[in-house]
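Given next are the chains, with one letter for each unit.
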Amino acid sequence: MTSGKVAQPEKQALTPAVGTGLPRSKGGSLHPLAATLTRTLGPRKVLSNLSERLNYRYDAIAFGATPLAVVLPESTADVVAAVKAARAAGVPIVGRGAASGLSGGAAPTEPGLVISFTRMTRLEIDAARREARAQPGVITLAVTEAARPHGLIYPPDPASFRTSTIGGNLGENAGGPLCFKYGVTGDYVQGLEFVDAEGDVHTLTRDTYDLAGLLIGSEGTLGLITEATLRLTVPPRFTRTLMAHFAEVGACAEAVSAAIAAGAVPSKLEFMDRACTNAIEDYLHLGLPREAEALLLVDTDGDDLETVEEERALVEAACRNAGGTVRRAESDAEAAQLWQARRSVSPALGRIRPQRMNEDIVVPRSVLPEVVREIRALGDASGLHLVQFGHIGDGNLHPNILFDPRTESLEAVHELAHEVARVAIRHGGVLSGEHGIGSMKLAFMREAVDAETLAALWRVKHALDPQGALNPGKVLPPELA
Amino acid sequence: MGYEGKVPVNNDILTHHPDGQGEVMAHAVDACVHCGFCLPACPTYALLGDEMDSPRGRIVLMKEVLEGALPLYDAAPHLDRCLGCQACVTACPSGVPYGELITSFRGWSEPQRQRSPLDRAKRAAILKILPAPRVFSLAARVGQFAKPLAPLLPNALRSPLDLLPEHVPAMQPSAAFTPARGQRRGRVAFLVGCAQQALTPNFNAATLRVLARNGIEVVIPEGQGCCGAAALHTGARDEALKLVRANLAAFNPDDFDAILSNAAGCGAGLKEYPAILHGLPDEAQARAFAAKVQDISEYLGGLLEDGELEPVLPASRPLTVAYHDACHLAHAQGVRSAPRALLRAIPGVTVLEVPEGDLCCGSAGTYNLEQPELATQLGIRKAKNILSTQPDLIASGNIGCHTQIQSHARRQGSPVPVMHTIEVLDLAYRGEL
Ligand SMILES: Cc1cc2nc3c(=O)[nH]c(=O)nc-3n(C[C@H](O)[C@H](O)[C@H](O)COP(=O)(O)OP(=O)(O)OC[C@H]3O[C@@H](n4cnc5c(N)ncnc54)[C@H](O)[C@@H]3O)c2cc1C
Ligand code: SF4
Ligand code: SF4
């Protein structure tokens, strides 16, 4: 068995070496919880000053309550100690990865303990078993980087994969462009270790009572994941990339439906509209078609070059039939640039307006053309900045309403978001594809999930977290009396 | 969805700071969508792994301080650790001008800092010595003799000595005018810089030779001085303003095709003038000035692209050159391809890419003096990464990087020569490479 221990590139073992000698910020009175934690874990692993705590109250979409203390554990034992201390103090516990989440999952709803996993970065590759054992703070992309020398990859590729952590990916069951063909984070989990609300450690596999499956996507509301065993795969030998652009968003969606109906299974099928393309161009200056209403990026891959190229030809034909203009990426470097462009869409939208209402709907592929057209029409009628992009192959779309709260009405923004959500529900869709519910989408849960199912979910929550200490106020709307 | 009206990203900075600098800071904070894309790019986040020492964290801290919600002294340790390397600017899809934010913030906050007398004296000395090449040269030559004492000194005093070359050359002031060789094709103004005049006078000599060789006449306007970047980045805004205005008076952009610098840090500083003077009467003048500023490699790269660069003689043997991206060139000025293209234009030269090439070398202006511990860790890491490519030569476009890399490469036992890109080009023109 060849087992390679791999240092995690972004945060090397340097972390423990510094810290103590550096000046710490002063200020803010020490909460008793912080004092206890500092005694048990030592000062380097506990943050208690105001400047420190203020920085652990947000994720990539929401700001929450400032925590009373923050722990940066380096081992499962540290997590256990932190959970026990928080329970003794009677305060809630919120797990946090890189805080790149888009549902408010890591932003606390009330003051408590934040456990930030960014220093738990041990990663081991077991090439013979095609497995990676990762602590939760390992950066997503680091798994593939470590596996590649063994001829393996870890396919889940959220656009945030340079920043996001495995723990956060598990928390949200993250997806990405490759997931259309290869599946989402949860499909790669062989086993988990987690710390429960009492501070007890459990090891799970995917056998009967797939408790691991329950934890995946639970946004830290059922337990804190301290290690994951992830399945690795052999990457396809050939990949071909193409870009198509369209004069209308619906035409782009029609091309997607037609290509898939014709039997193509592209590995990535991503869409962005005109505003997205322009925001990206302002950032990267790649020469993308600024005038096009919709842009489609497609990868086909496999081990047989002929099949890969046939598949690409199928997609090309579907795009042309729908009135699109097709361009092939001529080199790996060009393909890499196009995919970097796609990954940058969401933050690049910050150039248009400082704030956003961000949706994550999934609709059946058959209704995609109607859905994108209806949403476009809603946006045009509203006078607000509404843009769309997403993993169109899965029917997973991210309509975003961009706004400036100082000049635009929040009610109007809220109303538009509701209407967009209703389009999805009306066409048989759901409200959360990959970003999770967190606190941002709680308001919609009652519309999207029937009362009986919600009650069943609450019973699960009570069974695993009877005191409601784990990430309260997330995923499930308050129980009805 | 489910926006609960409690997302205070948009800020209240202008209410507290209703001036030009307030506008610069408010705009930057506004543009941050806290996506975290900058986290993996930030050297201090890479070393420390906590949010306060990340770009996103610092933006939030500055916002809180500016709005009066957090005392300055509480945020200061984390803001002080920022290298100003602007790797976060390259990584940021939302276009947050982080460099302008931290510069303005330091300018606003420094006068309110309570520093120890030793700290104050050290900073005052840096700001006095750096912009005065003659004094600097003298200090460097005195320091050279103090090198053997280094192990006895505290870290803060030791690190600058470590960085001094073994041999500090005598000052060689550059001629006020260098005529073009052959047919005159252009006319540029040149900023001679500070530290490099004392430590590495060949940078400027090589620059003048290469420009003349290409038919470019070079004027070194009288009255020019330090670009002000060091003062600015340590928060000495009043001193910086004096230096900025002296340069605006010395350089008339209408007289020249371009205003050139061969020190990435200075060039980036010159390009910052409009932000520094934002909202002040001379802002327009600063814009006209900054529009003409180019790094030497940017300018020569332009000639190369237009097919107008004088052909270079081939290297005497195949040479591998590890090119180090200076942060103030790659991140602050977006100049990456031109220096590589210039090196590749020398027949026989292969350019090597350095692993973790986007990560700062830790030199970062006065960082070596202010944060010796982190600077040293980054220096070690950078030298290791560069040397892992096993180059024949190391090239970069900045005096700070140059001394940092040289000193750490030597400490790791490597004799590989470290040069400015322009020195490599100059040797090639002379047939001595
Ligand atoms: C620009 C941008 C693009 C994005 N693109 C995608 C995309 O393509 N696909 C996608 O799916 N998502 C995407 N996201 C969303 C986000 O990156 C993912 O949800 C990611 O999985 C979050 O990881 P994180 O480490 O940042 O987790 P965090 O945001 O820190 O946490 C996310 C959730 O997981 C919980 N959690 C964290 N660690 C643990 C743990 N160890 N145990 C238990 N619970 C834990 C937290 O409590 C929280 O509820 C994007 C985000 C941004 C900003
Ligand atoms: S990448 Fe830009 S927008 Fe995103 S957190 Fe960093 S500075 Fe803010
Ligand atoms: S300038 Fe450099 S050190 Fe400072 S926050 Fe940005 S990346 Fe980090």
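Every chain is numbered independently, its residues counted from 1 as its sequence is written. Labels follow written order: the first chain is A, the first ligand is 1, and so on. Only residues with pLDDT of 70 or above have their local features reported here, since the model is predicted, and side-chain atom pairs are shown and tallied only from 80 upward, although totals for entire chains, interfaces and linings are computed over all residues. Only hydrogens and water are set aside when side-chain values are computed; all heavy atoms of the structure are taken into account.

1. What about the nonpolar core?
Within soluble globular proteins, side chains that are nonpolar generally end up buried alongside one another.
Turning to step 1, where the next piece is worked out: One finds Leu211, Tyr299, Leu300 and Leu433 of chain B to be the most contacted residues of the largest nonpolar core, which totals 54 residues.
Turning to step 2, where the next piece is worked out: Those residues in contact with Leu433 of chain B that sit more than four places away from it in its chain are Ala315, Ser316, Leu319, Ile346, Val349, Val424, Leu427 and Ala428 of chain B. Only buried Ala, Val, Leu, Ile, Met, Phe, Trp, Tyr and Cys residues count toward a nonpolar core, and they belong to the same one when joined by side-chain atoms within 4.5 Å. Exposure classes here rest on a 1.4 Å probe applied to the protein chains alone. A residue is buried below 20% of its type maximum, exposed above 50%, and partly exposed in between. Contacts: residue pairs with any heavy atoms within 4.5 Å of one another.

2. A word on the pattern of salt bridges
All names here are of chain A.
Turning to step 1, where the next piece is worked out: We define a salt bridge as a contact between a side-chain nitrogen of Lys or Arg and a carboxyl oxygen of Asp or Glu at a distance within 4 Å. Taken as a whole and judged by the stated rule, the model has 45 salt bridges over all chains.
Turning to step 2, where the next piece is worked out: A salt bridge links Arg122 to Glu227; the shortest N-O distance between them is 3.2 Å. Taken together, the residues Arg122 in the loop between strand 5 (113–116) and strand 6 (123–126) and Glu227 in strand 10 (residues 224–231) connect sequence positions 105 residues apart.
Turning to step 3, where the next piece is worked out: Judged by relative accessible area, Arg122 falls into the partly exposed class, the value being 40%.
Turning to step 4, where the next piece is worked out: Here Arg129 makes a salt bridge to Glu131, at a shortest N to O gap of 3.7 Å.
Turning to step 5, where the next piece is worked out: Glu131 gets classed as buried once you look at its relative accessible area, which sits at 15%.
Turning to step 6, where the next piece is worked out: Put simply, Arg122, Glu124, Arg133 and Glu227 are held in one network by salt bridges that share partners. Secondary structure counts use DSSP, requiring at least four H or I residues in a row for a helix and at least two E residues in a row for a strand, with both numbered from the N terminus.

3. Some words on the site of ligand 1
Turning to step 1, where the next piece is worked out: Neighbouring ligand 1 are 38 residues; Gly95, Gly97, Ser100, Ser160 and Thr165 of chain A lie closest to it.
Turning to step 2, where the next piece is worked out: Chains contributing residues near ligand 1 are chains A and B.
Turning to step 3, where the next piece is worked out: For ligand 1, whose unbound accessible area comes to 970 Å², protein coverage reaches 98%.
Turning to step 4, where the next piece is worked out: Broken down by secondary-structure element, the contributors of at least two residues to the shell around ligand 1 are strand 4 (93–96), helix 6 (166–172), strand 10 and helix 13 (345–348) of chain A.
Turning to step 5, where the next piece is worked out: In terms of residue count, the dominant contributor to the shell around ligand 1 is helix 6 of chain A (5 residues).
Turning to step 6, where the next piece is worked out: Residues are grouped as follows: Ala, Val, Leu, Ile, Met, Phe, Trp, Tyr, Cys and Pro are nonpolar; Asp, Glu, Lys and Arg are charged; all remaining types, including Gly, are polar. Its residues placed into classes, the shell around ligand 1 shows 15 nonpolar, 19 polar and 4 charged. Near, as used in this document, describes a residue that has one of its heavy atoms within 4 Å of the molecule or strand being considered. Shrake-Rupley sampling with a 1.4 Å probe provides the accessible areas, and residues are treated as covered by the protein chains on show and by no other component.

4. Quick look at the packing of aromatic side chains
Each aromatic ring pair is characterised by the separation of its centres together with the angle its planes make.
Turning to step 1, where the next piece is worked out: Classification of ring pairs rests on two measures: the distance between centres of Phe, Tyr or Trp rings, Trp counted by its six-membered ring, which must be within 6.5 Å, and the angle between planes, read as stacked under 30 degrees, edge-to-face over 60 and tilted in between. Enumeration according to the criterion identifies 5 aromatic pairs over all chains in this entry.
Turning to step 2, where the next piece is worked out: On the numbers, 5.0 Å between centres and 35° between planes, the contact of Tyr58 of chain A with Phe63 of chain A is tilted. Of the two residues examined, Tyr58 of chain A and Phe63 of chain A, each falls in the buried class.
Turning to step 3, where the next piece is worked out: Members of the aromatic cluster, joined through ring pairs, are Phe251, Tyr273 and Phe289 of chain B.
Turning to step 4, where the next piece is worked out: Charge over a ring is defined by NZ of Lys or CZ of Arg lying within 6 Å of the ring centre and within 35 degrees of the ring normal. A cation over a ring is seen here: Arg96 of chain A above Tyr58 of chain A, with NZ or CZ 5.7 Å from the ring centre.

5. Describing the domain arrangement of chain B
Residues and elements named next belong to chain B.
Turning to step 1, where the next piece is worked out: Where each domain begins and ends follows an automated or database-derived domain assignment. In terms of domain boundaries, chain B breaks down into domain 1 (13–112) and domain 2 (311–429).
Turning to step 2, where the next piece is worked out: Distance from the C-alpha centre of domain 1 to the C-alpha centre of domain 2: 28 Å.
Turning to step 3, where the next piece is worked out: Taken together, the contacts link 15 residues of domain 1 with 17 residues of domain 2.
Turning to step 4, where the next piece is worked out: Seen at the junction of domain 1 and domain 2, the total is 0 salt bridges.
Turning to step 5, where the next piece is worked out: Think of a polar contact as two N or O atoms within 3.5 Å of one another; within protein, one of them needs to be a possible hydrogen donor and the other a possible acceptor, and neighboring residues in sequence only count if both atoms come from side chains. At the junction of domain 1 and domain 2, the tally comes to 5 residue pairs in polar contact (both at pLDDT 80 or more).
Turning to step 6, where the next piece is worked out: Those elements that provide at least two residues to the side of domain 1 that touches domain 2 are helix 3 (43–48) and helix 6 (87–91).
Turning to step 7, where the next piece is worked out: The greatest single-element share of the side of domain 1 that touches domain 2, amounting to 5 residues, is contributed by helix 3.

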